[in-house]
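Report on the structure
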Amino acid sequence: MSDPTTTSATTLKTIVDVGLYHSAFDELDIGTMLAGTEYDTGTITGTTSITLPYEAAAVQSCRVVSGVATVGVYQVSDSNATLSAALGANTSPGVCKIATDRKTLTFYANVTRVVVRYLPMCTSGKVTGLGSLYSPATKG
Amino acid sequence: MSNTKTSSLTIQGALDNAVPTVFEAALNMLDLGTMLTNTEYDTGTVSASATVVLPYEAAFVQSARVVTSGTAGSLGSYVVADSAATPVAPPSASTQPGVASIATDRKTITFPNTVTRVVVRYLPMCANPSIGRSVTGIGASYVATTKSS
C-alpha cells in the first residue's frame, strides 16, 4: 500500500524553525545539502543568466569557464549587486549576483559554461525548495 | 556493555533519509553545532607549501587569507573556488582578492604560491571526533552504538 500524503499550509522553513525535524529534514535532504556540491552547467547557449538545479543555501564560488564574459572566478553577491568583470582572464574575481529565488545567477555578459560550488537544498525532488508546503507522509 | 555495528548507510545518507532511529546519531557524528558555529582555522607558521589541509572537511569556505609567504605579493584574502579553478595571486598584496581552489576531498586548499601561514574561515564537518569515535567526514559510514547484555 502506498503512503498517501496530506498537505499542510505550513512551509518547510516554519517546520524546521519550530522543531518538527525528522520529516522536514527528509524533504530538505540535509545530508546532501551539508556535503556541498560542484555544479557544472556543461556547454550551454550563450546567456547572461543560469539557473541552479536546486535552491542554494549558500554559494561559495562561481567560475566562468567559457563565454563572452571574462573567464575566471566570480564572487556571488546579493540580488541588487552591481555586476562586474574579472580584472582579466583568471585574475582577480569579478562579481555576479544571485536572485531572491536562490537559484538564478546573473553575469555582466554572456556565459557558455559555468561551475558553481554551493550548498543545495531539497535535492531529491520531493519538494521544490525551502518555501514548499510541508507534506508529511501518513499511513492510509 | 555497548557494542558498535557499521551500517551500509553513510552519514550523508542517514541525514537525507532522516530515519528517526538513526537521524539524531548522524547529526551527532556530524557535530552540527560546531559546524554551524563557523571556525577560523589558523595554520600557524608552517613549512612553505602551495597547499594547506584543513583539519576537517569543509561544508563551505567563506574565505582564506595568506598571512605570510615567501612571495610578498601573494599576501591577502582569497576566494576559494572549485577544484578546477586556476589559483591566482592578488594584483598586489592585500588589495583585491586572489583565487585559491579546494579539492574534491573538501580539505585541501591550493594557492598560486607557497605559503607559510594561512587563516581560513569555514564550516567544518565532523569536527569533534571525541568520545571514542572516529568519523572522517560526511561520507563516512554511519556507526550505530547498540547495547548488549
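Positions within a chain are numbered from 1, following the residues in the order the chain's sequence is written. Chains carry letters from A onward and ligands carry numbers from 1 onward, assigned in written order. Only residues with pLDDT of at least 70 are given local features in this predicted model, and only at 80 or more are side-chain atom pairs given and counted; all residues enter the totals for whole chains, interfaces and linings.

Some details on the overall build of chain A
- Comment: elements are numbered from the N terminus, with helices defined as DSSP H or I runs of at least four residues and strands as E runs of at least two. When helices and strands are counted, chain A shows three helices and six strands.
- Secondary structure elements of chain A, listed N to C terminal, follow the sequence α-α-α-β-β-β-β-β-β.
- To sort residues by exposure, count the other C-beta atoms lying within 10 Å of each residue's C-beta; 20 or more gives buried, 12 or fewer gives exposed, and values between give partly exposed, all with C-beta atoms placed from the backbone. Relative to its 140 residues, chain A shows a buried fraction of 40%.

Topic: the overall build of chain B
- When you go through chain B residue by residue, the secondary structure sums to three helices and nine strands.
- Starting at the N terminus, the α and β elements of chain B follow one another as β-α-α-α-β-β-β-β-β-β-β-β.
- Taken across its 149 residues, chain B has 39% of its residues classed as buried.
- For chain B, contacts bridging at least 24 residues in sequence account for 63% of all contacts bridging at least 6. Here, residue contact means that the backbone-derived C-beta atoms of the two residues sit within 7 Å.

Focus: helix α2 (residues 20-30) of chain B
All names here are of chain B.
- For α2, the complete set of buried residues consists of Ala26, Leu27, Met29 and Leu30. Along the long axis of α2, the arc covered by the buried residues comes to 155 degrees, so they all point the same way. Away from its buried face by more than 90 degrees, α2 exposes Pro20, Thr21 and Glu24. Picture the helix axis, draw a direction to every C-beta atom, and the arc is the one those directions span.

So, the sheet that holds strand β8 (residues 117-124) of chain B
Residue and element names in this part refer to chain B.
- The sheet built from seven strands is open, its strands ordered β2-β8-β4-β5-β6-β7-β3 with mixed pairing. Of all the strands in the sheet, just β2 (39-42) and β3 (49-53) have a single pairing partner and so form its edges. Pairwise comparison of adjacent strand axes, ignoring direction, gives a mean angle of 30 degrees for this sheet.
- Paired strands, in this sense, are two strands between which DSSP finds at least two bridges. For strand β4 (residues 58-68) and strand β5 (residues 76-81), the ladder comprises three bridges, and the chain directions are antiparallel. Bridge pairing in β5 places Ala64 opposite Tyr78. Angular values range over 0 to 180 degrees, each being the angle between N-to-C directions of two axes fitted as lines to C-alpha atoms, with helices fitted over their stretch in contact.

Things to note about the interface of chain A and chain B
- Taken together, the contacts link 26 residues of chain A with 31 residues of chain B.
- Looking at the side of chain A that touches chain B, the elements with two or more residues in it are α2 (21-28), α3 (30-35), β3 (56-67), β4 (72-77) and β6 (104-120) of chain A.
- The element that contributes the greatest number of residues to the side of chain A that touches chain B is α3(A), accounting for five residues.
- A class-by-class count of the residues in the side of chain A that touches chain B yields ten nonpolar, eleven polar and five charged. Under the convention adopted here, Pro, Cys and the residues Ala, Val, Leu, Ile, Met, Phe, Trp and Tyr are nonpolar, Asp, Glu, Lys and Arg are charged, and Gly plus all remaining residues are polar.

Some words on the pairing of strand β7 (residues 108-115) of chain B
Residues and elements named next belong to chain B.
- Judged from the four bridges that link them, β3 and β7 form a sheet pairing that is antiparallel. Residue Val52 lies in a different strand from β7, and its bridge partner there is Ile109.
- Across two bridges, the pairing between strand β6 (residues 98-102) and β7 is antiparallel. Residue pairing for β7: Ile102 is matched across the bridge by Ile109.
- Remark: five residues form the turn of the hairpin made by β6 and β7, two consecutive strands paired antiparallel; Arg106 in that turn has positive phi of roughly 65 degrees.

Digging into the environment of Ala48(B)
- Here Ala48(B) shows up in the loop between β2 and β3.
- Every residue in contact with Ala48(B), bar those within four places of it in the chain, is listed here: Gly70(B), Thr114(B) and Thr116(B).

Things to note about unusual backbone geometry
- Look at Cys122(A): it is not a glycine, yet its phi comes out positive at around 55 degrees.
- Here Cys122(A) lies in the segment after β6.
- Positive phi outside glycine occurs at Arg106(B), with the angle close to 65 degrees.
- Among the secondary structure elements, Arg106(B) is positioned in the loop between β6 and β7.
- Overall, the presence of 23 C-beta atoms within 10 Å leaves Arg106(B) in the buried class.

Concerning the nonpolar core
- Here a nonpolar core is just a set of buried residues of the types Ala, Val, Leu, Ile, Met, Phe, Trp, Tyr and Cys, joined wherever their C-beta atoms sit within 7 Å. One finds Leu34(A), Leu30(B), Val80(B) and Met125(B) to be the most contacted residues of the largest nonpolar core, which totals 73 residues.
- Those residues within four positions of Met125(B) in sequence are excluded, and the remaining contacts are Leu34(A), Leu30(B), Met35(B), Tyr56(B), Glu57(B), Ala59(B), Gly137(B) and Ile138(B).

Focus: the pairing of strand β5 (residues 94-98) of chain A
All names here are of chain A.
- Summarising burial for β5: four of the five residues are buried, a large majority.
- Relative to β5, β4 is paired through four bridges, and the arrangement is parallel. Each residue of the ladder has a partner; that of Tyr74, found in β5, is Gly94.
- Two elements, β5 and β6, share two bridges in a ladder whose sense is antiparallel. The residue bridging Ile98 from the neighbouring strand is Leu105, located in β6.
- From the end of β5 to the start of β6, which pair antiparallel, there are five residues, and Arg102 there has a positive phi angle of about 65 degrees.

All quantities given are derived from atomic positions and should not be read as evidence of function.
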